[in-house]
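Here is what each chain is made of, one letter per residue.
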Amino acid sequence: MSYLSIKRWRDSEWSNHEHSSRDVNVFHDTIMKKVFDAALKKHTEAFGPPPCLYSWIVMGSAGRFEQAPVSDQDHGLIYEKENDEAGHYFLEFGKELAYGLNEVGYPYCDGNVMSSNSVWCKSQMKWSEQLSKWLKEESFESIRFLLIFYDARVLVGEEKYGDKLKQIVHDYMKEYPHFLERLFENTEHIKKAVGFFHQFLTETHGSHAGSIDLKQSGFFPYVNNVRLLAMKECINAISTLSRIEELLKLPRYQQELSWCVKEFENLLHYRLKYHKTMTENYDDIHYLHIKELSKDERKEIKHILLNGQKLQDYTRSVIKGTMHK
Amino acid sequence: MEEIMFSLNSVWLVLGALLVILMQGGFILLEAGSTRMKNAGHIAGKTVFTFGLASIVFWAVGYGFIFGGNSNFFIGLTDFFYSGEQAEGIPYSTAAFFMFQLAFAGISLTIAFGGFAERAKLSAYLVFAILFSVLVYPVVAHWIWGGGWLAEHGKQDFAGSTVVHLTGAMAALAATVLLKPRIGKFNKNGTSNTIFGHNQVYTALGVIVLWVGWFGFNGGSTFVVDDGFFGFVVLNTNIAAGAGAVAALIISWMVLGKSDIPTILNGALAGLVAITASCAFVETWAAVLIGFVAGILVFYSVKLFDKLKVDDPIYALSVHGAAGIWGTLSTGLFATPELAAVGKPGLFYGGGFSQLGVQAMGVTVSALYAFVVSFVLLYAMKKVMKGLRVSEEEEIIGLDVSEHGNYGYPEAFVTNKEKNRLAN
């Protein structure tokens, strides 16, 4: 299948797969796997078959199985053998993958988190070294990378590679629990969307005037804080909902997080429901125009946003050690 | 003793003139900082030549129109081409007084040009500088300060919330209406875009220069130093500015969720504009209140003009217009019996509604006059000069190049080809 035919197939099939966030994400997985197969076929024809075992990981919202209908690409490659031949082969393959995804409708990642970038395309051994370096470095950038990697999910290839690498993070976390505070600070900034008078703080200017930024104000507090709690408890689940479920199995979280599942499900629902009225622009998908919402929906959204703040405060207290000691 | 006082008063007036003329520097920084890099040289430079033009016009006719004798309803008709002659029985140098008044006329014109920013032709500045200085400013100034009919009613406008600021802002409004918004300011769906100024530091520095200059503006308006009353005027001026800045910070924080820097800067200026009318007539607590209300008012006024799709790049309409109106009305509320040297005490000091009524009438008539006459003049200019505005292409490349063939910031714009040419 060529990229173009995958794109056509995707466009024609799309309307059958947008009933739920789960639907959307299963479909995204199918498309991305098709792109992978097409890219691998093309690359094999030119450079021969892969020289060793590997796994293709997707990160960001794709990793968490929370992609919006329109989404950019975040992915990497982990391969078995550390040698020049494999290194060259997979980096070139990574470029093909990024190209293919872009052709099919996943725009290139602004932050260059793609298999075509050697930072995200490494042998198992080099990946371990890199993760250890990121953990020790504690710079703003290395922490960003670490948090991105932590949402990695193996989409194609060896399942175990991903978990094995995450174990490095978990081991470090056990040894240096204070590291979590540093991680927390990295994602602490939230774009406020509810103001002093409990009013919505919508964009005042530009093409999104009157809208709130659902990604930054809505999703980020949930995704980031749940991720941190999952890191603290060494939970392997990747999607935000499954992470919450795992956390809820621990008695100390039951009271504080029980409401989270519903709020996050609602958030996914709103994004899906209202994207249809927008153009297929990657940027547009994150904005929710307040005037399009009914009175009850506004109330619900406000509730979700305020609870995101509450979750953030709770996570802060857990991580700074004032709770669950 | 009388001679010493004459000299001291004259020094004070010249010092006032100096501070007010220095406010042109404040406006240069404020305006250039609030607009884009490609227009910086133009915005800064035009302020200098329009002040030059206004100075000559003021000397030729402006001063005579405002303060001359043989006056009709609109203007006085003596003292044209002022020779520097000393008027009899005045406790300060008339030439110093002339300079002080000239500085005010210049400020009003610069405020008016706020409405021209980033899109008007240079020739429009030139022609309107003359027309405004002959036909708009002197009439309002004569009515209120030159012994005209509003002065007879006891209209209180100590240093010119109406005369200088509102008059300028009304001309700016006429200009923005006729010029239409800058390219890219409003979207088809009715939303507006922020066109960021290129240097917030300039803008903030501009505010501080204006703030200090205002001590000359208001303090100098005592004309005499006798009882040291100017100190009280300066005190009121300062705390109103402070209250305006603080109020603007609070309101933007509460409404937008973030304290907005341009709003804070506008708040300080709005406090200054508002206290200009009332600084000599109200107690200090009232000065704080007047400034505070101005800071909140300016925030909502900016939002309102945005909603009305009036593109006001340097917020002249809100800062000088809305706050100018509020400041003028404020003396009708807060003027005290002891301080009201002109007119009557305000509503809260047992004066009833009479002074407030005078203020409201004065502000309405002055605003209407300034708007209507400016509009007619600009409309005629638009017809005769075939448009007030530069072409789309010129607007996009910027006025520095299109109007002056020069760059405010050469390093940012000179192409590689030109760099090579310069290097060889």
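Just so you know, these numbers come straight off a predicted model, no measurement behind them.

**Q** Where do I start with the overall build of chain B in this structure?
**A** Along the backbone of chain B there are 16 helices and zero strands. Taking 22 Å as the expected radius of gyration for a compact globule of 424 residues, we find that chain B reaches 21 Å, a close match to that expectation. Its C-alpha atoms put chain B at 70 × 50 × 40 Å along the principal axes. For chain B, the residues scored as buried account for 55% of the 424 residues in total. Of the contacts formed within chain B by residues at least 6 apart in sequence, a portion of 76% connects residues at least 24 apart. Carbon and sulfur atoms make up 69% of the accessible area of chain B, which totals about 16700 Å².

**Q** Got a minute to help me understand the interface of chain A and chain B in this structure?
**A** A common way to express how large an interface is: the accessible area buried when the components associate. Between chain A and chain B, the contact holds 10 residues from the first and 13 residues from the second. Interface area for chain A against chain B, summed over the two sides, is near 920 Å², with a carbon-plus-sulfur share of 55%. Linking chain A with chain B are zero salt bridges, by the criterion used here. Across the chain A-chain B interface, the total number found is eight residue pairs in polar contact (both at pLDDT 80 or more).

**Q** What should I look at first to understand the pairing of strand β1 (residues 54-58) of chain A in this one?
**A** When a strand is regular, its side chains alternate between the sheet's two faces. Residue and element names in this part refer to chain A. Of all five residues making up β1, five are buried, and the element is well covered by its neighbours. Side chains of β1 alternate between two faces, with Y54, W56 and V58 and S55 and I57 buried alike. Sheet topology places β1 next to strand β2 (residues 75-79); five bridges connect them, and they run antiparallel. From the neighbouring strand, I57 faces β2, where its bridge partner is G76. Note: β1 against strand β4 (residues 153-157), four bridges, orientation antiparallel. Residue I57 lies in a different strand from β4, and its bridge partner there is V154.

**Q** Honestly, the side chain of T336 of chain B in this entry has me stumped. Any pointers?
**A** Within the secondary structure, T336 of chain B sits in the loop between α11 (316-334) and α12 (354-384). T336 of chain B gets classed as buried once you look at its relative accessible area, which sits at 1%.

**Q** What am I meant to see in the domain arrangement of chain A here?
**A** Residue and element names in this part refer to chain A. As assigned here, chain A comprises domain 1 (3-175) and domain 2 (183-319). With centres defined by C-alpha atoms, the gap from domain 1 to domain 2 works out at 25 Å. Taken together, both faces of the contact between domain 1 and domain 2 bury some 2500 Å²; the carbon and sulfur share is 64%. Applying the counting rule to domain 1 against domain 2 returns two salt bridges.

**Q** Hey, could you run me through the nonpolar core in this one?
**A** Generally speaking, nonpolar side chains in soluble globular proteins are found buried as a group. Counting residues in hydrophobic clusters, the biggest one holds 105 residues, and the most contacted among them are F116, F128, Y137, F217 and L378 of chain B. With 13 residues, the top contributor of residues to this core is helix α3 (residues 94-113) of chain B. When near neighbours in sequence (up to four residues on either side) are disregarded, F217 of chain B contacts V20, M23, F100, F104, I107, A159, V164, H165 and T276 of chain B. Listed in part, the 35 residues of the second largest apolar core include I212, A237, L247 and W259 of chain A.

**Q** What should I look at first to understand the packing of helix α8 (residues 179-186) of chain A against helix α9 (residues 214-232) of chain A in this one?
**A** Geometrically, a packed helix pair is captured by the angle between its two axes and the distance between the axes. All names here are of chain A. Running from amino to carboxyl end, α8 crosses α9 at an angle of 170 degrees, the nearest separation of the two axes being 10 Å. What the angle tells us is that α8 and α9 run roughly antiparallel. Counted together, L180, L183 and F184 of α8 and N225, L228, M231 and K232 of α9 form the full contact between these two elements. Residue composition of the contact of α8 with α9, grouped by class: five nonpolar, one polar and one charged.

**Q** Just to check I follow, could you spell out unusual backbone geometry for this structure?
**A** Glycine aside, residues mostly have negative phi, and peptide bonds are mostly found in the trans state. All names here are of chain A. Positive phi values are uncommon outside glycine, yet N112 reaches one of about 60 degrees. Relative to the helices and strands, N112 is located in the loop between α4 (84-104) and β3 (121-123). Backbone geometry at H198 places phi at a positive 60 degrees, although glycine is not the residue there. Within the secondary structure, H198 sits in the loop between α8 and β5 (211-213).

**Q** Explain the pairing of β2 of chain A to me, please; I cannot follow it from the model alone.
**A** Residue and element names in this part refer to chain A. Among the five residues in β2, five count as buried, and that is most of the element. The two faces of β2 match: H75, L77 and Y79 on one face and G76 and I78 on the other face are all buried. Where β2 and β3 come together, three bridges link them in parallel fashion. The residue bridging I78 from the neighbouring strand is K122, located in β3.

**Q** Whenever I open this one, a nonpolar patch on the surface confuses me. Can you help?
**A** A cluster of nonpolar side chains, contributed by W285, L289, V293 and L297 of chain B, occupies part of the molecular surface with about 320 Å² of accessible area. Position of L289 of chain B among the secondary structure elements: in helix α10 (residues 284-307).

**Q** Would you explain the side chain of N236 of chain B in this entry?
**A** Residues and elements named next belong to chain B. For N236, the location among the structural elements is in helix α8 (residues 229-256). From its side chain, N236 meets the backbone oxygen of C279 in a polar contact 2.9 Å long. Ignoring any residue separated from it by four or fewer positions in sequence, one finds N236 in contact with I275, C279, V282, E283, T284 and A287.

**Q** Explanation requested: the packing of aromatic side chains in the structure shown.
**A** Each aromatic ring pair is summarised here by two numbers: the centre-to-centre distance and the angle between the ring planes. Summed over all chains, the structure comprises 60 aromatic pairs over all chains. Here the basic side chain of R10 of chain A rests over the ring of W14 of chain A, its NZ or CZ set 5.7 Å away from the ring centre. A cation sits over an aromatic face here: K185 of chain B above F186 of chain B, 5.9 Å from the ring centre.

**Q** Can you walk me through the sheet that holds β4 of chain A in this structure?
**A** Residues and elements named next belong to chain A. The sheet built from four strands is open, its strands ordered β3-β2-β1-β4 with mixed pairing. This sheet does not close on itself; its edge strands, each paired only once, are β3 and β4. Recorded for the sheet is a direction-independent mean angle of 25 degrees between the axes of neighbouring strands. In the packing of helix α7 (residues 160-175) onto the sheet, the strands contacted are β1, β2 and β4, and the crossing angle to β2 comes to about 95 degrees.

**Q** Just to check I follow, could you spell out the pattern of salt bridges for this structure?
**A** If the charged atoms of two oppositely charged side chains come close together, the side chains can form a pair. The final tally for this structure, using the stated rule, is 28 salt bridges over all chains. With a closest N to O distance of 3.8 Å, E129 of chain A and K126 of chain A form a salt bridge. In this pair, E129 of chain A and K126 of chain A are both assigned in helix α5 (residues 124-137), three residues apart and thus about one turn of the helix distant. The partly exposed category is assigned to E129 of chain A, whose relative accessible area is 43%. In this structure K126 of chain A comes out as partly exposed when scored by relative accessible area, which is 33%. We note a salt bridge from E395 of chain B to R389 of chain B, for which the minimum N-O separation is 2.8 Å. Residue classification places E395 of chain B among the buried residues on the basis of a relative accessible area of 3%. Ionic contacts of the salt-bridge type, sharing partners, join the residues R64, E66, D151, R227 and R243 of chain A into one network.

Procedures and definitions
- Residues numbered from 1 in each chain as written.
- Chains lettered and ligands numbered in written order.
- Predicted model: local features only at pLDDT ≥ 70, side-chain atom pairs only at ≥ 80, totals over all residues.
- Heavy atoms only, no water.
- Helix = DSSP H or I, 4+ residues; strand = E, 2+ residues; numbered from the N terminus.
- Rg over C-alpha atoms; globule rule 2.2 N^0.38 Å.
- Buried < 20%, exposed > 50% of the residue type's maximum accessible area, 1.4 Å probe, protein only.
- Contact = heavy atoms within 4.5 Å.
- Areas by Shrake-Rupley, 256 points an atom, 1.4 Å probe, with all protein chains shown as cover.
- Buried area = accessible area lost by both parts, 1.4 Å probe.
- Salt bridge = Lys/Arg side-chain N within 4 Å of Asp/Glu carboxyl O.
- Polar contact = N/O pair within 3.5 Å; in protein donor to acceptor, adjacent residues only side chain to side chain.
- Pairing = 2+ DSSP bridges.
- Domains from an automatic or database assignment.
- Core = buried A, V, L, I, M, F, W, Y, C linked by side-chain atoms within 4.5 Å.
- Axes fitted to C-alpha atoms, helices over the stretch in contact; angles between N-to-C directions.
- Parallel < 35°, antiparallel > 145°, perpendicular 65-115°, else oblique.
- Nonpolar A, V, L, I, M, F, W, Y, C, P; charged D, E, K, R; others polar.
- Patch = residues over 30% accessible without salt bridge, like charges linked within 9 Å, V, L, I, M, F, W, Y side chains within 5 Å.
- Phe/Tyr/Trp six-rings, centres within 6.5 Å; stacked < 30°, edge-to-face > 60°.
- Lys NZ or Arg CZ within 6 Å of the ring centre and 35° of its normal.

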